[in-house]
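Take a look at the letters that make up each chain.
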Amino acid sequence: MYFTGLIIGVATFLIIGIFHPLVIKGEYWFGVKIWWIFALSGAVTLAASLLTENVIISTLLAVWGASSFWSIGELFEQRKRVEKGWFPKRERPKNDKRGI
């Protein structure tokens, strides 16, 4: 039996599942200014996927990179969801400019 597809499928599910709370908690604690961390993560992992010979690892690095880039858009969408009241808003001190 060949488990490559199953391994990639399960790991992809887990990677996407990890990014969902990362976006929510990242926006809550730091605002949208952390978008560059997702961009850097995406660029590094996509580049690494091009340099990796192992099919499973290369695929999962590409999934991680694509999920990182997707999370940038979700981070800004999360800000809108917070503004609509769908998620709690973190109360910041008045002199704190993060997330603007």
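Scroll up to find the structure.
Please read all numbers here as calculations on a predicted model, not as lab measurements.

## With respect to the pattern of salt bridges
Side chains that differ in sign of charge can pair as their charged atoms come close. Going through the model one piece at a time under the given rule, you end up with 2 salt bridges. Glu74 is the salt-bridge partner of Arg81, the closest N and O atoms lying 3.1 Å from each other. A residue is classified by how much of its surface remains accessible, and Glu74, at 25% relative accessible area, is partly exposed. For the salt bridge of Lys80 with Glu77, the shortest nitrogen-to-oxygen distance reads 3.5 Å. Placement of both Lys80 and Glu77 in helix α3 (residues 55–83) is noted, with a separation of 3 residues, approximately one turn of the helix. For Lys80, a relative accessible area of 45% translates into the label partly exposed. For Glu77, a relative accessible area of 34% gives the class partly exposed.

## Quick word on the nonpolar core
Grouped together as the largest cluster of nonpolar side chains are 12 residues: Ala11, Ile15, Phe19, Val23, Val32, Ile34, Phe38, Ala39, Leu60, Val63, Ile72 and Leu75. Elements supplying a minimum of two residues to this core: α1 (4–30), α2 (35–51) and α3. Look past the residues within four positions of Phe19 in its chain and what remains in contact with it is Phe38, Trp64, Ser67, Ser68 and Ser71.

Conventions used here
- Residues numbered from 1 in each chain as written.
- Predicted model: local features only at pLDDT ≥ 70, side-chain atom pairs only at ≥ 80, totals over all residues.
- Heavy atoms only, no water.
- Salt bridge = Lys/Arg side-chain N within 4 Å of Asp/Glu carboxyl O.
- Buried < 20%, exposed > 50% of the residue type's maximum accessible area, 1.4 Å probe, protein only.
- Helix = DSSP H or I, 4+ residues; strand = E, 2+ residues; numbered from the N terminus.
- Core = buried A, V, L, I, M, F, W, Y, C linked by side-chain atoms within 4.5 Å.
- Contact = heavy atoms within 4.5 Å.

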